[in-house]
Amino acid sequence: MSANFILTVIIVFYIVDFLIEQLVSFLDDKNNNASINPELKGVYDEDKYAKSLKYNHQRYLFGLFKNSFSFIILLLCLLYGVFGNIETMIMSAYQNKLIVSICFFGIIFLFSEIISLPLSYYSTFVIEHKFGFNKTNLKTFLTDKLKSMLIAFIIGTLIFSVLIFSLGYLGKNFWVLFWVFSVLFTIFISEFYTVLIVPIFNKLLPLEDGDLRDAIKEFANKVNFKIDNIFVIDSSRRSSKSNAYFSGLGKKKKIVIYDTLIKNHTKEEIVAIIAHEIGHYKHKHTIKGLIMSFVQTGFILYLLSFAIFNSNVSIALGGTGISYNLGLIAFGLLFSPISLLFGILSNFLSRKFEYEADKYVDLNYETTHFIAALKKLYSDNLSNINPHKLNVFLNYSHPTLLQRIMAFKK
Ligand SMILES: [Zn+2]
């Protein structure tokens, strides 16, 4: 395949991918005005429902602008061989492969951060602010950005060191070694995320003794679930949106509850949410999800080995010969149809897991408290309660509120 042909395929895939995404958001936005199922009456009062429609419509318009903007920029970069030019420029100054990779992806990352900064500012301080969600200030906003960039730099350097070592050591079979590394790295991050990454941004404090802690412990004992670590995160520093999650595998597992969740929900509702999370554990969803992602990663890396060692793939992006930097970018774009299929499959499984965890609440706790908690979460976050079917099929990791309520009635 000639470089020109490869570039054409990349651009066609990229345009189709962009159009599908915009079509789905458009359908979703149109669906906002459809009548609501009677089961969902009571989630919103009339005023709040009007507010949620407005909020979701503004986010749609903002997303449309943001996506079109980045679409045009990347398209221009592809047409003018910008990626190849950047790499050639760096290679004329440095020989060391690791330095070239870090500079190459560093420049692209920094450039995209800089052009997306005003958009990110607008989203937080204009849209989220207007609807009462934003609690952050400019100082926290900018320090968050700097911290994320530093973390990306450290993790990126580690990943590229391993990639370059694997390529030099095993050549075309590099993917096997890199796969093993990515599996170990993913396990490490899932195990230590709450200890290593979260404290960089937030304060985690153990849940104080009291009614709530007792109620959680009592439920956990009843279902034979060992739980020592219950933490409260000060998420209200940034946003009034609420959530709760489990983190870590095996004995290190922790429950993290947003302080906003504690503020807005009854004790029974919080226990119901935690019962749902325990349901995920009892059904081994975390492990199943991890294994599935390992299989996917192996397959992706295997395919990547073909793109990296084909010089025409790099030339298509403006390079001069075999380059894994350009190969990685080209592969990311060439891979989009398969990535769409993977997305559909993993969202389907994730929704199945959610139904199972909901069922667990139904069997072991009070469904009414859980439904009340869900409705409150949707209303407090001004979530879209009427998404389009196609959007749910392609992008939703959770069933819709209506689907979840109806599943309890079966
Ligand atoms: Zn869940």
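Residues numbered from 1 in each chain as written. Predicted model: local features only at pLDDT ≥ 70, side-chain atom pairs only at ≥ 80, totals over all residues. Heavy atoms only, no water.

Peer 1: Can you break down the packing of aromatic side chains residue by residue, with the values?
Peer 2: A full pass over the atoms with the stated rule returns 28 aromatic pairs. Aromatic side chains Phe225 and Tyr281 sit 5.9 Å apart centroid to centroid with 70° between the ring planes, which places their arrangement in the edge-to-face category. Here the residue Phe225 occupies a position in the loop between helix 8 (211–222) and strand 2 (230–233), and Tyr281 occupies one in helix 10 (residues 267–282), the gap between them amounting to 56 residues. Linked through ring pairs, Trp175, Trp179, Tyr302 and Phe306 together constitute an aromatic cluster. (Phe/Tyr/Trp six-rings, centres within 6.5 Å; stacked < 30°, edge-to-face > 60°. Helix = DSSP H or I, 4+ residues; strand = E, 2+ residues; numbered from the N terminus.)

Peer 1: Tell me about the packing of helix 11 (residues 285–308) against helix 14 (residues 336–364), and name the residues and values.
Peer 2: Two packed helices can be described by the angle between their axes and the distance between those axes. For the pair helix 11 and helix 14, interaxial distance at closest approach is 11 Å and the crossing angle is 175°. Here helix 14 runs roughly antiparallel to helix 11, going by the angle between their axes. Between helix 11 and helix 14, the contacting residues are His285, Lys288, Gly289, Met292, Gln296, Phe299, Ile300 and Leu303 on the first element and Ile338, Phe342, Ser346, Leu349, Phe353, Glu356 and Ala357 on the second. Within the contact of helix 11 with helix 14, the residues separate by chemical class into nine nonpolar, four polar and two charged. (Axes fitted to C-alpha atoms, helices over the stretch in contact; angles between N-to-C directions. Parallel < 35°, antiparallel > 145°, perpendicular 65-115°, else oblique. Contact = heavy atoms within 4.5 Å. Nonpolar A, V, L, I, M, F, W, Y, C, P; charged D, E, K, R; others polar.)

Peer 1: An account of the domain arrangement of the protein chain is needed here, citing residue identities and associated values.
Peer 2: Domain annotation for the protein chain reports domain 1 (3–134 + 284–409) and domain 2 (203–264). Centre-to-centre, using C-alpha coordinates, domain 1 lies 28 Å away from domain 2. In this assembly, domain 1 packs against domain 2 so that about 990 Å² is buried in total across both faces, 51% of it on carbon and sulfur atoms. Contact with domain 2 buries surface across domain 1, with Phe133, Asn364 and Asn381 losing the most and accounting together for 37% of the total. Summed over the shared surface of domain 1 and domain 2, the number is zero salt bridges. Counting residues per element, the side of domain 1 that touches domain 2 draws most heavily on helix 15 (residues 367–380), which supplies three residues. (Domains from an automatic or database assignment. Buried area = accessible area lost by both parts, 1.4 Å probe. Salt bridge = Lys/Arg side-chain N within 4 Å of Asp/Glu carboxyl O.)

Peer 1: Requested: an account of the coordination of the zinc ion, with residues and values cited.
Peer 2: Looking at the zinc ion, the protein donor atoms are His276 (NE2), His280 (NE2), Glu354 (OE) and Glu354 (OE), and they sit 2.1 to 2.6 Å from it. Of note, the donors binding the zinc ion are all from one chain and are spaced H-x3-H-x73-E. Residue His276 and its partner His280 are both found in helix 10; the two are separated by four residues, about one turn of the helix. Pair check on accessibility: His276 and His280 agree, each one buried. (Donors = N, O, S within 2.8 Å, 3.2 Å for Na, K, Ca; no water. Buried < 20%, exposed > 50% of the residue type's maximum accessible area, 1.4 Å probe, protein only.)

Peer 1: Which residues make up helix 4 (residues 97–130), and what are the values?
Peer 2: The terminal C-alpha atoms of helix 4, which comprises 34 residues, lie 47 Å apart, in line with the 50 Å expected from a rise of 1.5 Å per residue. Roughly 40° is the biggest bend found in helix 4, and it falls at Ser116, with proline Pro118 one to four residues downstream. Close packing links the buried residues of helix 4 with helix 2 (46–79), helix 3 (82–91), helix 5 (138–170) and helix 13 (324–334). Between a side-chain oxygen at the N-terminus of helix 4 and the backbone nitrogen of Leu98 the separation is 2.8 Å; the capping residue is Asn96. (Expected span 1.5 Å × (residues − 1). Bend = angle between axes of the 7 residues up to and from the residue. Polar contact = N/O pair within 3.5 Å; in protein donor to acceptor, adjacent residues only side chain to side chain.)

Peer 1: Account for the nonpolar core, with residues named and values stated.
Peer 2: Grouped together as the largest cluster of nonpolar side chains are 47 residues, with contacts concentrated most on Ile216, Phe225, Ile257, Ile278, Ile385 and Leu401. Broken down by element, the residue count for this core peaks at eight residues, all from helix 10. The two domains that each donate at least three residues to this core are domain 1 (3–134 + 284–409) and domain 2 (203–264). Those residues in contact with Phe225, other than ones at most four positions away along the chain, are Ala220, Phe246, Lys253, Ile278, Tyr281 and Lys282. Counting 23 residues, the second largest nonpolar core, distinct from the first, contains Tyr14, Cys77, Ile90 and Val100. (Core = buried A, V, L, I, M, F, W, Y, C linked by side-chain atoms within 4.5 Å.)

Peer 1: With reference to specific residues and values, describe the pairing of strand 3 (residues 244–247).
Peer 2: By the alternation rule, side chains of strand 3 split into Ala244 and Phe246 and Tyr245 and Ser247, which are all buried. Direction of pairing for strand 3 relative to strand 4 (residues 254–258): antiparallel, over a ladder of four bridges. Residue pairing in the sheet places Phe246 in a bridge with Ile255 of strand 4. Turn length for the strand 3-strand 4 hairpin, with the two strands adjacent in sequence and antiparallel, is six residues, and the turn residue Gly248 shows positive phi of about 90°. (Pairing = 2+ DSSP bridges.)

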